[in-house]
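Each chain, written out:
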Amino acid sequence: MALPACAAGVLWPSLQPERGGPARTTCPRQHSRVEAELAESRPGSVTASVREDPPRGVSLGFNSQPLTDEPLKASSSQAGAARAPLFALLSRGRRRRMHDLRRRWDLGSLCRALLTRGLAALGHSLKHVLGAIFSKIFGPLASVGNMDEKSNKLLLALVMLFLFAVIVLQYVCPGTECQLLRLQAFSSPMPDPYRSEDESSARFVPRYNFSRSDLLRKVDFDIKGDDLIVFLHIQKTGGTTFGRHLVRNIQLEQPCECRVGQKKCTCHRPGKRETWLFSRFSTGWSCGLHADWTELTSCVPTVVDGKRDAKLRPSRNFHYITILRDPVSRYLSEWRHVQRGATWKASLHVCDGRPPTSEELPSCYTGDDWSGCPLKEFMDCPYNLANNRQVRMLSDLTLVGCYNLSVMPEKQRNKVLLESAKSNLKHMAFFGLTEFQRKTQYLFEKTFNMNFISPFTQYNTTRASSVEINEEIQKRIEGLNFLDMELYSYAKDLFLQRYQFMRQKDHQDARRKRQEQRKFLKGRFLQTHFQSQGQVQSQNPSQNQSQNPNVNANQNMTQNLIQNLTQSSSQNSIQKENRESPKQNPGQEQSDSNTSNGTNDYIGSVEKWR
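What this report covers is the structure whose coordinates are included nearby. (Residues numbered from 1 in each chain as written. Predicted model: local features only at pLDDT ≥ 70, side-chain atom pairs only at ≥ 80, totals over all residues. Heavy atoms only, no water.)

Let's shift gears to the nonpolar core. By size, the foremost hydrophobic cluster in this structure holds 70 residues, and its most contacted members are Phe242, Trp276, Leu296, Ile321, Leu394, Phe444 and Phe448. For this core, the element with the most residues is helix 17 (residues 482-539), which contributes 11 residues. In contact with Trp276, not counting residues within four places along its chain, are Phe221, Ile223, Asp227, Leu228, Ile229, Leu246, Leu252, Cys256, Cys267, His268, Arg269 and Met450. (Core = buried A, V, L, I, M, F, W, Y, C linked by side-chain atoms within 4.5 Å. Buried < 20%, exposed > 50% of the residue type's maximum accessible area, 1.4 Å probe, protein only. Helix = DSSP H or I, 4+ residues; strand = E, 2+ residues; numbered from the N terminus. Contact = heavy atoms within 4.5 Å.)

This is the structure we're talking about:
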């Protein structure tokens, strides 16, 4: 077989003398490479000793085992002599890849060695430094003979304990969810926790005109008295989460007792065996599964007070609350819930003292449930209670003949239902929106003067958000829930106006307190200053009269200034009280005694505030 000139010059390297080095080949392009390979194959060389074994993960090939008929016990010189010629027979690309692999293996070994030595040196230095610190702190407590051994063991135990605590902390509260790991508070100002959850500005353009009484919701809820909070739970609006907040996440003098494995909790008033909350998680479905406004208003007084005469019942205040949700998201969430087998057959739908008949309220399915139904079939049922559910559950159904559709025309019926739902929602003690969890928490705390322990969490990913629908299906859902769409727009506008009104009121109250504090401190300072001057002048009357002939004039001016400050502050407090509460007798004037009492009350209130 004819060999190339480059390979022929390599097949007989032993015939050439080796005085200065290996013989040069006739191929200038591979001269340096072949020369390096011959240097490797020479026994006893440094390169051959370093590359005696192949790199990890590389199988034995031409460069590691000679292809001869001699046994494996051949000498190292014979193996080295046969290795280089056979390596030259390989193609150029194969030789280049094997050469790069050897070079990477050498660099990897060098890097690993350097890294190992560096870590060892760093650990040794750290050990000495920590040992010195430990000896300085705990030196007097340790024995002299066993100082090094005990300190090393204790130091290792402390380091292992610290690492274990870090791992457990990261597992319990990963990311920024844990309150202990929120380090941004030290480097950047705290953001507004009540900023809109949809990342839009907190300000908006209102569409409806509401009075001050509609926006200012301040309920004097007496938990120790007879007042009762009634939660109207509409399906798939996040009411389950909010209901759990009411029984598990609220600060009370006597918290609710919730046992493991039980849904209902015992929420008694302080010192009484009577509940203050009427909801799913406190009293259960006492008025039926997901009872609506019509059922609750007629059922709750009877359930709470029993069958006693209305004259013998205590004068209770029933504060109704509820949660609303975007109609399209709520509709899709209910469809997914029905797909999983939900039926709500236990709902009573009692109206005007009786439940509806099968002709008034037909069923959309024939079997035990409607599980697995497609969205089109769910939307095609004309008797589906999911359509406009929020309007129906918040309105007074007795105004339209309950579930009897033949009482009035459909257009008139829809108008009466919508207006009734808006009126009931506006006069409720409180309502929240699922899409604004933090604002819902804020308004509830301001309305009932009750604080939650931990803040609400906004979940933007739900089962409804995972459903992908096109624009045509969305418009059809909006058409099926056109009453709910209008009610939600009304509720959202009222909700955000109440939130903005309460925030502005808080800022104004805080600014007024600061102004009153500055006025009072200024008057107190002037009064103390001139009283001290008066004492000095009383000690030296003749000298003071000769030096300061206008002392009496200054004292009178100071007293007038103090009196003006106190009178202005008292007038501000009186005007504030007049704005908040209407006057009983508008024509009656305030007397001087009332003014002085107002001034004393103001000074006492500021002193109490300080």
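Picking up where we left off.
Applying the stated criterion to the full structure yields 5 disulfides. Through a disulfide, Cys258 is tied to Cys265; the S-S separation comes to 2.1 Å. Its S-S torsion of about 115 degrees marks the bond between Cys258 and Cys265 as right-handed, since a negative value means left-handed. Note that Cys364 is cross-linked by a disulfide to Cys381, the S-S spacing being 1.8 Å. The sign of the -80 degrees torsion about the S-S bond sets the Cys364-Cys381 disulfide as left-handed. With a gap of 17 residues between them, Cys364 in the loop between helix 11 (327-339) and helix 12 (375-380) and Cys381 in the loop between helix 12 and helix 13 (389-394) connect regions that are remote in the sequence. For Cys381, a relative accessible area of 10% puts it in the buried group. Taken N- to C-terminal, the disulfide-bonded cysteines of the protein chain are connected 1-4, 2-3, 5-6, 7-10, 8-9. Here Cys373 is not disulfide-linked; the sulfur of Cys364 is the nearest cysteine sulfur, at 9.3 Å. (Disulfide = S-S within 2.5 Å.)

What follows concerns the side chain of Asn414. Inspection of the secondary structure puts Asn414 in helix 14 (residues 410-427). Asn414 gets classed as buried once you look at its relative accessible area, which sits at 16%. In this structure, Asn414 is in contact with Phe482 and Leu483, ignoring residues within four places of it in sequence.

With 13 residues, helix 10 (residues 293-305) extends 19 Å from end C-alpha to end C-alpha; this agrees with the ideal 18 Å at 1.5 Å per step. Roughly 35 degrees is the biggest bend found in helix 10, and it falls at Cys299, with proline Pro301 one to four residues downstream. Lining the buried residues of helix 10 we find strand 1 (228-232), strand 2 (277-278), strand 3 (318-324), helix 13 and helix 14. (Expected span 1.5 Å × (residues − 1). Bend = angle between axes of the 7 residues up to and from the residue.)

Another point: the packing of aromatic side chains. Throughout the structure, instances matching the rule amount to 20 aromatic pairs. Measuring from centroid to centroid gives 5.4 Å for Trp370 and Phe378, while their planes differ by 35 degrees, and the two rings are tilted. Judged by relative accessible area, which is 1%, Phe378 ranks as buried. Note on Phe431 and Phe495: the rings are 6.2 Å apart at their centroids and 50 degrees apart in plane angle, and the pair reads as tilted. Placement of Phe431 in strand 4 (residues 430-433) and of Phe495 in helix 17 is noted, with a sequence separation of 64 residues between them. (Phe/Tyr/Trp six-rings, centres within 6.5 Å; stacked < 30°, edge-to-face > 60°.)

All right, on to helix 14 then. Between its terminal C-alpha atoms helix 14 stretches 26 Å, which fits the 26 Å expected from 18 residues at 1.5 Å a residue. Buried residues of helix 14: Arg413, Asn414, Leu417, Leu418, Ser420, Ala421, Lys422, Asn424 and Leu425, and no others.

For the rest of this paragraph, the subject is unusual backbone geometry. Positive phi values are uncommon outside glycine, yet Asn388 reaches one of about 55 degrees. By the element assignment, Asn388 lies in the loop between helix 12 and helix 13. Owing to a relative accessible area of 12%, Asn388 belongs among the buried residues under this scheme. A positive phi angle is found at Asn449, which is not glycine, with a value near 55 degrees. With respect to the secondary-structure elements, Asn449 resides in the loop between helix 15 (437-448) and helix 16 (471-480). The exposure class assigned to Asn449 is exposed, which follows from its relative accessible area of 64%.

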